[in-house]
Amino acid sequence: MPDLAVSRRSASGVPVPAGLTVLSGPSAVGKSTVVEAIRRYSPQIWLSVSVTTRSPRPGEEHGREYYFTSEREFMELVDSGELLEWARYAGHYYGTPLRPVTERLQAGVPVLLELDVTGARQVQAAVPGALLVFLAPPTWDELVRRLTSRGTEPAEAMQERLEAARAELRAENEFDLTLVNTSVEDVCAQLVALMTAQPACEPAE
Ligand code: 5GP
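If you're wondering where the values come from, they're calculated on a predicted model, not measured in any experiment. (Residues numbered from 1 in each chain as written. Predicted model: local features only at pLDDT ≥ 70, side-chain atom pairs only at ≥ 80, totals over all residues.)

Quick look at the overall build of the protein now. When helices and strands are tallied, the protein shows seven helices and nine strands. Counting all 205 residues of the protein, 34% fall into the buried class. The contacts of the protein with a sequence gap of at least 6 include a subset with a gap of at least 24, amounting to 65%. (Helix = DSSP H or I, 4+ residues; strand = E, 2+ residues; numbered from the N terminus. Buried ≥ 20, exposed ≤ 12 C-beta atoms within 10 Å, placed from the backbone. Contact = placed C-beta atoms within 7 Å.)

Turning to helix H1 (residues 31-41), its buried residues are Lys31, Val34, Val35, Ala37 and Ile38. Projection of H1 onto a plane perpendicular to its axis shows the buried side chains occupying an angular sector of 160°, all on one side. (Arc of directions from axis to C-beta.)

Relative to the helices and strands, Val180 resides in strand E9 (residues 177-180). By C-beta crowding, Val180 is classed as partly exposed, having 15 other C-beta atoms within 10 Å. Between the alpha carbons of Val180 and Leu135 there is a distance of 5.8 Å; along the sequence they are 45 residues apart.

On to the sheet that holds strand E3 (residues 50-52). Spatially, the four strands line up as an open sheet ordered E4-E3-E6-E5, and their pairing is mixed. Two strands lie at the open edges of the sheet, namely strand E4 (66-68) and strand E5 (83-89), each paired on one side alone. Geometrically, the sheet is characterised by an average inter-axis angle of 25° between neighbouring strands, direction not taken into account. Judged from the two bridges that link them, E3 and strand E6 (residues 92-97) form a sheet pairing that is antiparallel. Along E6, the bridge assignment pairs Thr52 with Tyr94. Running over the sheet, helix H4 (residues 117-126) touches E5 and E6 and is turned about 155° from E5. (Pairing = 2+ DSSP bridges. Axes fitted to C-alpha atoms, helices over the stretch in contact; angles between N-to-C directions.)

Another point: the site of the ligand. Contacts to the ligand come from 15 residues, most closely from Ser50, Ala87, Tyr94, Asp116 and Gly119. Of all the secondary-structure elements, those providing two or more residues to the shell around the ligand are E5, E6 and H4. When its residues are assigned to classes, the shell around the ligand shows four nonpolar, six polar and five charged. (Near = placed C-beta within 6 Å. Nonpolar A, V, L, I, M, F, W, Y, C, P; charged D, E, K, R; others polar.)

For the rest of this paragraph, the subject is the nonpolar core. By size, the foremost hydrophobic cluster in this structure holds 43 residues, and its most contacted members are Val22, Val34, Ile38, Val123, Val133, Cys188 and Leu191. Element by element, the count of residues in this core is highest for helix H7 (residues 184-196), at six residues. (Core = buried A, V, L, I, M, F, W, Y, C linked by C-beta atoms within 7 Å.)

Most of E5 sits inside the fold, with five of its seven residues counted as buried. In the sheet, E5 pairs with E6 via six bridges, with the strands oriented antiparallel. Bridging from a neighbouring strand, Leu83 pairs with Pro97 of E6. Here E5 hands over to E6 after two residues, with Ala90 in that stretch at a positive phi of 45°.

What follows is the structure in structure tokens.
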């Protein structure tokens, strides 16, 4: 694996924005809404596109939200070392293609990965200096409301995601910092500021 170590201090010792940032947290906490706002309003940040074996949801496009693939193709990527990290989540595989991340980091472009907690842990181990951000719901009830109102998952998958969310919430103290998702604009502004040392997103429409 190429050396992806990210230094957050310049030669003078002055902190510089993180090169590689991971946004994680429980399913339905709003990570993808934050990522969508960053896609629209903060083109200076490069968003990694993961590979997944789950089916596209309405409105999702191959190559934009995810690369949708078969299990066989996914396992070929795993076996050939082409993924920075990967995990099985609620019955499907998800992984981060390594090469595009390496290329952007080497070009000095800030990179954002949106991952489940297992993936975040793998990046923490593989990339010293990566900034790990935990996105927390304002309350557990709010998370349940968001998870059940999305209405995109069958009941069984919903139960699996609720259980995963409970376990993921317990991982918060493994992260460098927590942002509470009270508003997309606020989280987006804080995240972009952390990554680029600039003020951030316009209000999401
Ligand atoms: P969803 O199916 O709702 O799009 O994503 C399910 C979970 O997988 C979310 O927590 C999301 O952050 C996570 N996820 C998305 N892409 C990746 C990836 O490349 N690696 C890992 N480990 N998790 C991912």
